[in-house]
Each structure stands twice: as C-alpha cells, then as structure tokens.
Amino acid sequence: VVHSFFEDLLATAAKEQGFPSPVFQKVQRQKVVELDGDIFTEKNFIILQALLEKELGDEPLLQPQQAERNRQVKQIEELRISDVRDAYFAQVEKEYDKPNTKNKMYRGVNLFLELVGDYRLSELTSVQAYTFIEEQLEVQPNLSQRTIVDRNWQVSSLLTYCVQKGYIKQNPFREISFKRKGKQRHHWQGFTPLELDRIFTYDWEPQERLLLCIKATTGLRLSEVGCLTWECFNVDDDGIRTFTVLKAKNIGSKRIVPLHPTLVLPPKGEGRLFDYPIDGNGLCSV
C-alpha cells in the first residue's frame, strides 16, 4: 500500500515539474489483511487468529478483507485499453443518443479485449487490427464483412479518443484493408411482376395495405413509414402532398418526400398513422 502511494506521488511530482516520468520496477508485494482498522501481514494474522480462537473458543471472528491499493497515476507508456475504457465509454454516453449505437460501441471494445487481449496502447499496431479480424472469423466463419468493418470502427473510435487525449500519436486501426475478409454483402432478389401482383391483390388489413402502399410509392424505409405522424403530412398551394421526414438517423436522411397522386390516404387525423410499437432507439418494429 505504501509503495503504491509513493509511486503515485513521484509520478505526479515528475509530471507537474516537467520531468520524465520515473520507471518503477515491479515489486513482489506482501499480502496483508485488515481487521478492525489494524493492518496485519498474512503470517501474523494467522498467528493472531490462532491465539484468538484459543482464547475465545467457538465465538466467530470478523472475516478478514484483502487490503490493497492499486496505482492510481500511471505513465502513459503503461496505459492499457482497460485503463481508458471507462472514460471513453463516459464520452460515448455524452456524444451518442441512441442506446443501440452506444451498446454496439461498448460491445466492439469488449470483444477486442476478449479475443485479442488487453494490450498497452503503446504496443498497438495494425497487426492487432488484423488479429482481431482473424479471431472473429475463427469464432464465426460466416461473419459478414459489414460487421467486421463496423467492429473495427468501434475499436478505432476508442483509439481516436486516445489520440485526442495524447496517449498515442496516431490511430493504428485506420487504413485497414478488409479485402476478402468476411462474407460480402448479400443483394436481395427483386420481386417479379407476377409476385408484385400477388402481393398487392392480397386481402390485407387496412393498416398493412396503407403501410405497403406508402413504402412502395415513396422509397421511405419501413421503419420511417411506421413512425410517420400526421404532423409530417403537408399539402402546398398547388395541391402537392408531401411527408416531411425529420426523425431520421442522420442529417442527410432528413428530407421532404412527395406523394404519388394515386396514393390514397385515410382522412387526416392526429398523432401517428400506424400503431406499430417503437423501440428504445426510436425505430418502428413492423
């Protein structure tokens, strides 16, 4: 405990006075236990415990607790991913709104620690980025390239944070090649005219038919259609009807969408057009 305290004291003093941070050798620390505010070495506690048991008989003793003090001031060269993870996660909490996005960023960093290890920041190179890819494919051989790219970005975001804090000079997880890494994106096969005819001649419930018609004629995402409200609906002086999509996931997706003249809408009301549930990320579960 005392040794750890003085390491922190010397490291802090060196930093404040502009001197290089001292390098400390690892010390084999003796285990100690704390009992009623008193500190005993493990050996002495065993002797004390035997004496008390002999004197008190079968009366229970207080359970000893390990008394430890980890270093609180670490040299930049010693910092590991786990040392900066909590502070980085706190920044993610401030900068991102959607729980789903925040959880993905947490999972990416934690998965790297699980599969690759808790490296010192100064030791990280592009080698660990490629090791991360290979370890993921070892666990999931059919993993998509899109997922691999996303997880690399999640770890890379932490390293960008470390660059901003001065812990490392550059982010080694940038400029990574993902060629032939993971399954390529699958392109869905389009409906044939006969299949489309069968879909639209089916006896849908009114809500599902309206959802289908808006989706087919506007190009809006399914979740965007499910979240539409009558406050988004507008008619200009020329009779052109539009939906103003404001609850988009990025600025580029916020847009005014014109409606096809043949699209039949129900009488204008208030609130949402559909009653499908909306999850914690603001996405409609159709």
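Structure shown above.
Below is a summary of the structure that appears in this document. Just so it is clear, the model here is predicted, and its values are computed rather than measured.

1. Topic: the side chain of Thr242
For Thr242, the location among the structural elements is in strand E5 (residues 241-245). Looking at Thr242, the relative accessible area reads 14%, which means it is buried.

2. As for the pattern of salt bridges
In the structure shown here, the tally under the stated rule is six salt bridges. Two residues, Lys102 and Glu93, come together in a salt bridge whose shortest N-O distance is 3.1 Å. When its relative accessible area of 42% is taken as the criterion, Glu93 is described as partly exposed. A salt bridge links Arg146 to Asp150; its shortest N-O distance comes to 3.0 Å. Taken as a pair, Arg146 and Asp150 lie in helix H6 (residues 145-165) at a separation of four residues, close to a single helical turn. In the salt-bridge network here, residues are joined through shared partners; they are Arg221, Glu224 and Arg255.

3. Focus: the state of the cysteines
Scanning the model with the defined rule gives zero disulfides in all. Free cysteine: Cys227, not disulfide-bonded; nearest cysteine sulfur from Cys284 at 4.9 Å. Between Cys232, a free cysteine, and Cys227, which holds the nearest cysteine sulfur, the sulfur-to-sulfur gap is 9.4 Å. Among the residues examined, Cys232 registers a relative accessible area of 17% and is labelled buried.

4. Remarks on the packing of aromatic side chains
According to the stated counting rule, one finds nine aromatic pairs in the structure shown. Ring geometry for Phe112 against Phe132: centres 5.2 Å apart, planes inclined by 75°, an arrangement best described as edge-to-face. Here Phe112, found in helix H4 (residues 99-115), pairs with Phe132, found in helix H5 (residues 126-139); they are 20 residues apart in sequence, far enough to count as distant. Residues Phe112 and Phe132 agree in their burial class; the two are buried. When the ring of Trp230 is compared with that of Phe233, the centres are 5.8 Å apart and the planes differ by 90°; the resulting orientation is edge-to-face. Residues Trp230 and Phe233 agree in their burial class; the two are buried. Here the aromatic cluster, defined as three or more aromatic residues joined through ring pairs, consists of Tyr88, Phe89, Tyr106 and Tyr161.

5. Examining the packing of helix H3 (residues 81-95) against H4
At a minimum axis separation of 10 Å, H3 and H4 run at an interaxial angle of 175°. Taken together, the axis directions place H3 and H4 in an arrangement best described as roughly antiparallel. Residues Ile81, Arg85, Tyr88, Phe89, Val92 and Glu93 of H3 lie in contact with H4, whose contacting residues are Lys102, Met105, Tyr106, Val109, Asn110, Phe112 and Leu113. Along the lines of polarity and charge, the residues of the contact of H3 with H4 split into nine nonpolar, one polar and three charged.

Criteria and thresholds
Residues numbered from 1 in each chain as written. Predicted model: local features only at pLDDT ≥ 70, side-chain atom pairs only at ≥ 80, totals over all residues. Heavy atoms only, no water. Helix = DSSP H or I, 4+ residues; strand = E, 2+ residues; numbered from the N terminus. Buried < 20%, exposed > 50% of the residue type's maximum accessible area, 1.4 Å probe, protein only. Salt bridge = Lys/Arg side-chain N within 4 Å of Asp/Glu carboxyl O. Disulfide = S-S within 2.5 Å. Phe/Tyr/Trp six-rings, centres within 6.5 Å; stacked < 30°, edge-to-face > 60°. Axes fitted to C-alpha atoms, helices over the stretch in contact; angles between N-to-C directions. Parallel < 35°, antiparallel > 145°, perpendicular 65-115°, else oblique. Contact = heavy atoms within 4.5 Å. Nonpolar A, V, L, I, M, F, W, Y, C, P; charged D, E, K, R; others polar.

Function cannot be read off these values alone, since they describe shape.
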